[in-house]
Amino acid sequence: MKIAISGKGGVGKTTIMALLAGKLRQQGREVLVIDADPSPHMAQTLGVGNAEEVKPIAEMTKLLAERAGKSEGSPFYNLNPDVNDLLQDFMIKHENIRLMVLGAVQVAEGGCACPENHVLRKMLKKMLLTAKEVVLLDMEAGVEHLGRGTVAGVDQLLIVVIPSRSSIRTALKIKQMAEDVKIPRVLFVANMVQDEEDRQFLIDALGEEPVAFFPDSSTIRKAERSETAIIDLEQGLEDAPEQLLQAVNAK
Ligand SMILES: Nc1ncnc2c1ncn2[C@@H]1O[C@H](COP(=O)(O)OP(=O)(O)O)[C@@H](O)[C@H]1O
Ligand SMILES: [Mg+2]
């Protein structure tokens, strides 16, 4: 299963991915999280302490070029995160969660982090996963990645929305693009929901019901301020992490 997340900046994508990673781990799944945000902070959210040690995927481009020169065919043939030595070098494992980071992206002329995104796209497409393995892709804000087709290889896209018009506008645009690149499953996830009015606003504006409603949570805010991991947080989140888990598993 390969799941990407999108939505307007600051709506809670990284937070929700970390909480989903925690639930999947609890379920006994092997989770690989890929942090593709140019200013990554997934490591802290997950509680992976030594994140600086992880070699960014951006550096893989060089290595791939070397390998491609030596061998016939795609170096991504039969990629499997468990056994592939190439991938092992670029990930860090912490309590059954593996993390990869795209890295400090050097943006080329025209604002495109093309080589990195190319590697990411290839990796997502070619990675062969067992039923137990899940890849979670955390992305920067907006629709850029969809535009470049980076996420075309995922089976599910979560679009995070908060009860605001601008977040809804972005979400609907993302949904349209996701359909254009034929992502099989697109799910809305509501975040920072305070009351029934927020809930109803989201349902009406989206034209469908989000699969999970994450409440506005002082525990999450406090954790962020004290730089504490939130991966195992359950308190004060109502049933939202469980609802999300069930929705992504419902395929
Ligand atoms: N449900 C929530 N309740 C309270 N604060 C939240 C919630 N979700 C996210 N936040 C806070 O909002 C900020 C942005 O969240 P983040 O996950 O980094 O968003 P994104 O990845 O979409 O940019 C962070 O400070 C985070 O702690
Ligand atoms: Mg983020």
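Quantities reported herein were computed from a predicted structural model and do not represent experimental measurements. (Residues numbered from 1 in each chain as written. Chains lettered and ligands numbered in written order. Predicted model: local features only at pLDDT ≥ 70, side-chain atom pairs only at ≥ 80, totals over all residues. Heavy atoms only, no water.)

Looking at this structure, how should I read the side chain of Asp37?
Within the secondary structure layout, Asp37 lies in the loop between strand S2 (30-36) and helix H2 (42-46). Look at Asp37: it is buried, it has no salt bridge, and the nearest opposite charge is Lys13 at 6.4 Å. Residues contacting Asp37, with those up to four places away along its chain left out, are Asp138, Met139 and Glu140. (Helix = DSSP H or I, 4+ residues; strand = E, 2+ residues; numbered from the N terminus. Buried < 20%, exposed > 50% of the residue type's maximum accessible area, 1.4 Å probe, protein only. Lys, Arg positive; Asp, Glu negative; His and termini not counted. Salt bridge = Lys/Arg side-chain N within 4 Å of Asp/Glu carboxyl O. Contact = heavy atoms within 4.5 Å.)

Any chance you could explain the sheet that holds strand S7 (residues 185-193) here in plain terms?
Backbone hydrogen bonds hold the strands of a sheet together, and the pairing may be parallel or antiparallel. Pairing in this open sheet of eight strands is mixed, and the strands run S3-S4-S2-S5-S1-S6-S7-S8 from one edge to the other. The open sheet is flanked by strand S3 (92-94) and strand S8 (212-215), the only strands paired with a single partner. Averaged over all neighbouring strand pairs, the angle between strand axes comes to 25°, with direction disregarded. Of the pairings in the sheet, the one linking S3 to strand S4 (residues 97-101) comprises three bridges and is antiparallel in character. When the sheet's bridge partners are listed, Ile92 is paired in S4 with Leu99. Contacting strand S1 (2-6), strand S6 (156-161), S7 and S8, helix H10 (residues 240-249) runs over the sheet at an angle of about 155° to S8. (Pairing = 2+ DSSP bridges. Axes fitted to C-alpha atoms, helices over the stretch in contact; angles between N-to-C directions.)

Looking at this structure, I do not really get the site of ligand 1. What am I missing?
For ligand 1, the set of nearby residues contains 15 residues, the closest of which are Lys13, Thr15, Asn191, Pro215 and Ser217. Asn191 has a polar side-chain atom sitting 2.8 Å from a nitrogen atom of ligand 1. For ligand 1, whose accessible area on its own is 560 Å², the fraction buried by protein is 84%. Its residues assigned to classes, the shell around ligand 1 shows four nonpolar, seven polar and four charged. (Near = heavy atom within 4 Å. Polar contact = N/O pair within 3.5 Å; in protein donor to acceptor, adjacent residues only side chain to side chain. Areas by Shrake-Rupley, 256 points an atom, 1.4 Å probe, with all protein chains shown as cover. Nonpolar A, V, L, I, M, F, W, Y, C, P; charged D, E, K, R; others polar.)

How should I be thinking about unusual backbone geometry in this particular structure?
If a residue is not glycine, its phi is most likely negative; likewise, a peptide bond is most likely trans. Positive phi outside glycine occurs at Glu95, with the angle close to 45°. Residue placement: Glu95 occurs in the loop between S3 and S4. In this structure, Lys182 is a non-glycine residue whose phi angle is positive, near 60°. By the secondary structure assignment, Lys182 is in the loop between helix H7 (165-180) and S7.

Where do I start with the confidence of the model for the protein chain in this structure?
Detailed reading of the predicted coordinates is not advisable wherever pLDDT is low. Chain-level pLDDT for the protein chain is 84 on average; 82% of the residues reach the 70-or-more range. Low pLDDT (under 50) marks residues 71-78, which in the prediction has 11 contacts with non-local residues, meaning those over four places away or in another chain. (pLDDT = per-residue confidence, 0-100.)

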